[in-house]
Amino acid sequence: AQSVTQPDIHITVSEGASLELRCNYSYGATPYLFWYVQSPGQGLQLLLKYFSGDTLVQGIKGFEAEFKRSQSSFNLRKPSVHWSDAAEYFCAVGPGGRRALTFGSGTRLQVQP
Amino acid sequence: DTGVSQNPRHKITKRGQNVTFRCDPISEHNRLYWYRQTLGQGPEFLTYFQNEAQLEKSRLLSDRFSAERPKGSFSTLEIQRTEQGDSAMYLCASSLGRGGRSADTQYFGPGTRLTVL
């Protein structure tokens, strides 16, 4: 069965500092991987996705993620965090097609001034 | 592209009452998903439609839950005889499926927050 682990429940960074959010997945075949962001009381916004090809993918709002098959990881990075990045971040894995996404439990990001 | 919309945004009900939520997907999207999200957790899959056909249901979807997508456009999720454990955010997503194991992307609505007293 597929699963996603986000080891960090809560992360606090200073504004302007770099950020890395960890995501590890378990899936029997080549996964499709996603990062979504959720602001309080809101739905999920897609940040970026990996389907195939270049393992370093660029997303919106200056985020990027790197797929590492050998480590079963898809970590999200941003070189300089802004106060508006404070939110909850979810990593998800899917087989595509008719199947649903499996989400991690999320990482809450707090940004200090 | 107006995005996925959901109504109502908030619903407070008493235990034992029935509730219905509506989801309007992105207009050309043929696939529609319902997820449930409880506090501090990621969304969990409930059910999936391709056009008007309900193709997959989670074990989370007890017989008190029913979902429809009658004309392959909007969808409704009904919960009968609500329980306090049903309190959660109910999220709808849609995607444009191209058949087989196509790598379609799900776009989420703002969700309906249900509180059962």
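So, here's what we can say about the structure. (Residues numbered from 1 in each chain as written. Chains lettered and ligands numbered in written order. Predicted model: local features only at pLDDT ≥ 70, side-chain atom pairs only at ≥ 80, totals over all residues. Heavy atoms only, no water.)

Residue and element names in this part refer to chain A. Of all hydrophobic cores here, the largest spans 26 residues; its most connected members are W35, L48, F74, L76 and Y89. Secondary-structure elements contributing two or more residues to this core are β2 (10–14), β3 (19–21), β5 (32–38), β6 (44–50), β8 (64–68), β9 (73–78), β10 (87–94) and β12 (107–112). Take this core: its biggest share by element is four residues, from β10. With residues near it in sequence (within four places) discarded, L48 still touches L33, F34, W35, V57, Q58, G59, F63, E64, A65, F74 and L76. (Core = buried A, V, L, I, M, F, W, Y, C linked by side-chain atoms within 4.5 Å. Buried < 20%, exposed > 50% of the residue type's maximum accessible area, 1.4 Å probe, protein only. Helix = DSSP H or I, 4+ residues; strand = E, 2+ residues; numbered from the N terminus. Contact = heavy atoms within 4.5 Å.)

All names here are of chain B. One can find K57 in strand β6 (residues 53–57). Spatially, the C-alpha atom of K57 lies 22 Å from that of N7, the residues being 50 residues apart in sequence. Not counting residues up to four positions away in its chain, the partners in contact with K57 are F45, L46 and T47.

Attention shifts here to unusual backbone geometry. Following N7(B), the chain continues into P8(B) via a peptide bond in cis, with omega recorded as -10°. Here P8(B) lies in the loop between β1 (5–7) and β2 (10–13). Positive phi, normally seen in glycine, also occurs at K61(A), with a value near 60°. With relative accessibility at 46%, the residue K61(A) sits in the partly exposed group. Of note, S72(A) is a non-glycine position whose phi angle comes to about 50°, a positive value. With respect to the secondary-structure elements, S72(A) resides in the loop between β8 and β9.

Quick look at the pairing of strand β3 (residues 19–24) of chain B now. Residue and element names in this part refer to chain B. Of the two faces of β3, only the one carrying V19, F21 and C23 is buried; T20, R22 and D24 on the other face are not. Alignment of β1 against β3, held across three bridges, turns out to be antiparallel. What sits directly across from S5, in β3, is D24. Both β3 and strand β8 (residues 75–79) contribute to a ladder of five bridges, which runs antiparallel. The residue of β8 that forms the bridge with F21 is L77. (Pairing = 2+ DSSP bridges.)

What follows deals with the interface of chain B and chain A. Opposite the 27 residues of chain B that make contact, chain A presents 24 residues. Summed over both partners, the interface of chain B with chain A comes to about 2000 Å²; 50% of that surface belongs to carbon and sulfur atoms. Where chain B packs against chain A, one counts zero salt bridges. There are five residue pairs in polar contact (both at pLDDT 80 or more) connecting chain B and chain A. Of all the secondary-structure elements, those providing two or more residues to the side of chain B that touches chain A are β4 (31–37), β5 (44–50), β6, β9 (88–95) and β10 (107–108) of chain B. Considering each element in turn, the side of chain B that touches chain A owes the most residues, four residues, to β4(B). Among the residues forming the side of chain B that touches chain A, the class breakdown is twelve nonpolar, ten polar and five charged. (Buried area = accessible area lost by both parts, 1.4 Å probe. Salt bridge = Lys/Arg side-chain N within 4 Å of Asp/Glu carboxyl O. Polar contact = N/O pair within 3.5 Å; in protein donor to acceptor, adjacent residues only side chain to side chain. Nonpolar A, V, L, I, M, F, W, Y, C, P; charged D, E, K, R; others polar.)

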